[in-house]
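# Observations on the model geometry
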Amino acid sequence: MSVPIGGGPGLSNIEGHTEFDIVWPWQAGPLRRGATAVLRVKNEADSMRFVLPPLLRACDHVLLVDNNSTDGTGEAALAVAAEHGLGEKFTLKHYPFDVARAGAEHLAVPERSVHSLAYFYNWCFSHVRTRYSWKWDGDMVLTTEGEVSLADLSWQVGRADVVIRIPRHGLYIESESRAFLDLGLRNIEEWGFPMTPDFVYSKAPEWEIRTTPDTIRQFALPQGLVVELKYLDGDEFAHWTNPESFATSVRNRRKRREWLVFNALRAGEVPEGVTEIVAPAGEHVVDFVTHTWLPRAPRPFVVDDPDHAKLHLRA
């Protein structure tokens, strides 16, 4: 695995698109205290109304990079930020190159190509102007607790060399009133990073990876702060070359679980560890889960019983 040197003069791409060469943020000028959430998105318009409002309130800034969306994701994001009076905390940028899908397609692309996941991620984060960053996905929604927790952290981590791990739970949406929450997978990934030369992206076998010093302090937030939206009527694995490979790769435990749950639910089966949630009339199930169901759920989480009885939590 080759590692770009974050302390060097930056990165140029092999295609010669000089307007998309990378200048490291710490070389572009002093970074201000605070935290920026960086979203790399493609065709996530439907999720913007859930993702952006709590994230904009919790962070100092949100940077969204739209990668050739065809569903108006960028326009939807701008509209949501304006609707909530938070447009000054939001920046939209466009990345016009097709980025290789994770897996075999990614492996075949040179690391410094504009089509490389590693290069794309480095370009996105090169526009951060705060001392800390959150690697945020376009389908990750903060719960009420999560918004408060992230807001508290955003001012604390501005000068700290620490990596934050955040658990997330897959929320599989069938309709506006019905969804399935996967509490059977304990997944805690690194989402918060300092903006220094020690934390840049490089190419791994199936996806990009952010370099992290062995001596860095790491903290994990509690469960129940973030859900990851997955639409049962959509193509949730379009960014992978071959999703069937999840069954054989030892590096894809989380994706294998998502693949199995997604296909089981589409076939009308509810796997063990997955809880069905039905929202009250007139409330979207995503709002119900993030504002009411998860904040009120007892800790530690108890997964659904074997007969998969419906769980309803009413105000």
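Anyway, here's the lowdown on the structure attached to this text. (Residues numbered from 1 in each chain as written. Predicted model: local features only at pLDDT ≥ 70, side-chain atom pairs only at ≥ 80, totals over all residues. Heavy atoms only, no water.)

## Observations regarding the sheet that holds strand β8 (residues 178-182)
In sheet architecture, strand pairing relies on hydrogen bonds along the backbone and comes in two forms, parallel and antiparallel. Spatially, β5-β13-β7-β8-β14 is the arrangement adopted by the five strands of the open sheet, whose pairing is mixed. Strands at the two margins of the open sheet, each flanked by one partner only, are β5 (140-142) and β14 (274-278). Pairwise comparison of adjacent strand axes, ignoring direction, gives a mean angle of 30 degrees for this sheet. Pairing between strand β7 (residues 169-173) and strand β13 (residues 226-231): five bridges, direction parallel. Of the residues in β13, the one forming a bridge with I173 is Y231. In the packing of helix α8 (residues 285-296) onto the sheet, the strands contacted are β5, β7, β8, β13 and β14, and the crossing angle to β14 comes to about 110 degrees. (Pairing = 2+ DSSP bridges. Helix = DSSP H or I, 4+ residues; strand = E, 2+ residues; numbered from the N terminus. Axes fitted to C-alpha atoms, helices over the stretch in contact; angles between N-to-C directions. Contact = heavy atoms within 4.5 Å.)

## Thoughts on the pairing of β14
In terms of burial, β14 is a largely internal element, five of the five residues being buried. Of the two faces of β14, the one holding V274, E276 and V278 and the one holding T275 and I277 are both buried throughout. One ladder, built from five bridges, connects β8 with β14; its direction is antiparallel. Each bridged residue has a counterpart across the sheet, and for R178 the counterpart in β14 is V278. (Buried < 20%, exposed > 50% of the residue type's maximum accessible area, 1.4 Å probe, protein only.)

## Brief notes about the environment of A160
Within the element layout of this structure, A160 appears in the loop between α6 (144-156) and β6 (162-167). With relative accessibility at 17%, the residue A160 sits in the buried group. Separated by 33 residues in sequence, A160 and F193 place their C-alpha atoms 9.4 Å apart. In contact with A160, not counting residues within four places along its chain, are Y132 and P194.

## Section: the sheet that holds strand β3 (residues 90-94)
A sheet is described by the order of its strands in space; here seven strands give the open sequence β3-β2-β1-β4-β9-β6-β12, paired in mixed fashion. Because the sheet does not close on itself, it has two edges, and the strands there are β3 and β12 (217-220). Looking at each pair of strands side by side, their axes are set apart by 25 degrees on average, direction ignored. Taken together, the six bridges between strand β1 (residues 32-41) and strand β4 (residues 130-136) define a ladder with parallel strand orientation. In the sheet register, A35 faces β4, and the bridge partner there is Y132.

## Description of the side chain of S69
Here S69 lies in the loop between β2 (61-66) and α3 (73-83). Classification of S69 as buried rests on a relative accessible area of 18%. A distance of 2.8 Å separates a polar side-chain atom of S69 from the backbone nitrogen of N43. With sequence-adjacent residues up to four places away left out, S69 is seen in contact with V41, K42 and N43. (Polar contact = N/O pair within 3.5 Å; in protein donor to acceptor, adjacent residues only side chain to side chain.)

Geometric descriptors of this kind do not, in isolation, establish any biological role.
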